[in-house]
Every structure is written in C-alpha cells, then in structure tokens.
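Tertiary structure, described
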Amino acid sequence: MSNTSNKKVAFIGLGVMGYPMAGYLQQKGYEVCVYNRTTAKAEAWVSQYGGNYAATPALAAQDASLVFMCVGNDDDVRSVVYGEHGVLATMAVGTVLVDHTTASAELARELAAACAKQQLSFLDAPVSGGQAGAEKGILTVMVGGSAADYSLAEAAMQSYARCVKLLGPAGSGQLAKMVNQICIAGVVQGLAEALNFAKNAGLDGAAVVEVISQGAASSWQMQNRSLTMLDDKFDFGFAVDWMRKDLAIALNEARKNGSALPLTALVDQFYAEVQQMGGGRWDTSSLIKRLSR
C-alpha cells in the first residue's frame, strides 16, 4: 500500500496553469517530478523551481503519492493516463490521481472507474482563476470524488488555491466548472454591450464604470476587465479558443440533462465571430471587439 503522506508528487502538463501550480507544490515542500510534452519547458521548470522531470508520464508518476494533471482536453488527458507510458502504468495501489484539466464529466467518471479497478483514488478538480490566479497561487478548485479521496489531496491542492471544495461524486467538479463558464459568458457579454453603449452615447466609459461599480451592476469582470476593454487590450490570460472549448462541453452536457442555455449558445457564437476576426488568442473580454467593428 502506497503511503499518501509521502511528499513525492508528479505533475503532468506545464502550460500557463500547470507551470506555476507545480511550482507552488515544490515551494511548499513537496518533491515534484514534472512531465511536459516539450522537454524544454520541463527543463526550464526544473531550473526555476528545483525538483526533477521525467521523459514519460509513467516515469513521473513512479513512487508518487499524488499525481496531478493539467493538460488541454479529454483526448490529451487520455494520452497521459493510458498505455505503457501513461500514469496508470506505474501508479501504486492507494495513490491519488487528480485531474485539473477542464474536461467532460463523462471523462471524469471514466477515469474514476479506471482508477477504481487498480485500487487508485481519483478526483476531477478543474480550476478557475486563470493564468493570474495560477501565478499568484489563488485558484478556485472545484472537486468531484469521494470524501476519503479528497482528504488525501486537499492539503496539496491548497498550495496553489484560495478555495478548494468537494462538490459531490466523480464528475461534480467538471459540472461545477461548466456552471462557472456559463456565468462568465453571460456577464462578459453584458459588460461588453454596456461599455459599447456608453461609448456610443458619448459618455466617459471609465467614469461611468467608477460610479456603477459601486452598486448592483458590479462584477469581477467589471472590476478587473472594464478599463482594459475600453483601452482595446485583450492579453489577460484565458483565451477565446479555450473558452469555446469549455462552452462546447457545457452545451453538450446541457443537451443531456435537459437544461436550456439560450444565452450561452448565443455568446458561444459571438466568440466564434471573435475567432474569425483573428482573436482566438485574445482573452474572453474581447467580446467588445465584435461590437465596435
């Protein structure tokens, strides 16, 4: 039986989120072994934080009590989990696999079943807070899994989070992340329309925001993105391409559970227009660009 109190952990995927998250684990006293598809990124991480890197996910997961993943989509997750080079090939009985990727709820349930067969624990644990939240170590982590499995990984996840919460069985973390993205889509579109209206009405947008942000119209998006939206700056992390991936997951799940998402579907199409404008890598607040064309 593996000892989940041991400090050896693996982190698979060093993108804009995973790179700093793995760094916080190393800084908080865990012995981190990282894996990344491009080795140069893994080498850079080791030179910055210490720890070490492995040539395959399986080698990174060897001897680890906790294995974290933060990759692109369902297929990317499967590519680092299964097969002779996947983490399941080497994870010891009693260890925990934590998936921070924003993926489908079906994948979470599939991985939970695959882990159970090998007497491993599994948590789906997508995060919110974007690149800035990851770099500052203040992410929100939405978790699906059992309470017993959650207790094994909670302390480690707190290394890079401000809020970590267990929300139900496997898949619940992914479903909560869908709720999060549905909320963001509607709020950003409303803010984009309001700021565009203010400009067309001849108002000083920044002055209006200063006033209305004191009342019921305020939101995180208004506090953090309104002035940059007015300045036509859209290089603040979470990209339109990623948001469309997330909204596709939410819309697909909504078809299954009978939820009407008319606003989300509409905003998804607006994001498609932003992509056609060449804004796939702009951040999500760039919805205002299609209004001010």
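In this report, the structure presented in the accompanying data block is examined. No experiment lies behind these values; they were computed from the predicted model shown.

Right, let's talk about the pattern of salt bridges for a bit. According to the stated counting rule, one finds nine salt bridges in the structure shown. Among the salt bridges present, the one from Asp76 reaches Arg37, with a minimum N-O distance of 3.7 Å. Of the two residues, Asp76 is situated in helix α4 (residues 74-81) and Arg37 in the loop between β2 (31-35) and α2 (39-49); the sequence distance between them amounts to 39 residues. As a salt-bridge pair, Asp75 and Arg78 come within 3.7 Å of each other at their nearest N and O atoms. Note that Asp75 and Arg78 are positioned in helix α4 at a spacing of three residues, about one turn of the helix. Among the residues examined, Arg78 registers a relative accessible area of 28% and is labelled partly exposed. Taken together, the shared-partner salt bridges in this structure form one network comprising Asp75, Arg78 and Glu110.

Within the chain, Asp63 stands out as a residue other than glycine whose phi angle is a positive 70°. Look at Asp232: it is not a glycine, yet its phi comes out positive at around 65°. With respect to the helices and strands, the residue Asp232 is situated in the loop between α10 (220-230) and α11 (240-257). Residue Asp232 is classed as partly exposed on the basis of its relative accessible area of 44%.

Turning next to the nonpolar core. If you look at soluble globular proteins, the nonpolar side chains tend to sit buried side by side. Ranked by internal contacts, the top residues of the largest apolar core, which has 34 residues, are Phe11, Leu25, Phe68 and Met157. Broken down by element, the residue count for this core peaks at five residues, all from helix α1 (residues 18-27). If we skip the residues at most four places from it in the chain, Leu25 touches Val9, Phe11, Tyr30, Val32, Phe68, Ala156, Ser159 and Tyr160. Counting residues in hydrophobic clusters, the runner-up holds 25 residues, among them Val77, Ala103, Leu111 and Leu120.

Within a regular strand, the side chains alternate between the two sheet faces. Here five bridges tie strand β8 (residues 139-143) to strand β9 (residues 161-166), and the two strands are oriented parallel to one another. What sits directly across from Met142, in β9, is Lys165. With helix α7 (residues 147-157) bridging β8 and its parallel neighbour β9, the resulting β-α-β unit is right-handed.

Cut-off values and rules
Residues numbered from 1 in each chain as written. Predicted model: local features only at pLDDT ≥ 70, side-chain atom pairs only at ≥ 80, totals over all residues. Heavy atoms only, no water. Salt bridge = Lys/Arg side-chain N within 4 Å of Asp/Glu carboxyl O. Helix = DSSP H or I, 4+ residues; strand = E, 2+ residues; numbered from the N terminus. Buried < 20%, exposed > 50% of the residue type's maximum accessible area, 1.4 Å probe, protein only. Core = buried A, V, L, I, M, F, W, Y, C linked by side-chain atoms within 4.5 Å. Contact = heavy atoms within 4.5 Å. Pairing = 2+ DSSP bridges. Right-handed = clockwise from strand over helix to strand, strands pointing away.

Purely spatial values, then, with no claim about function.
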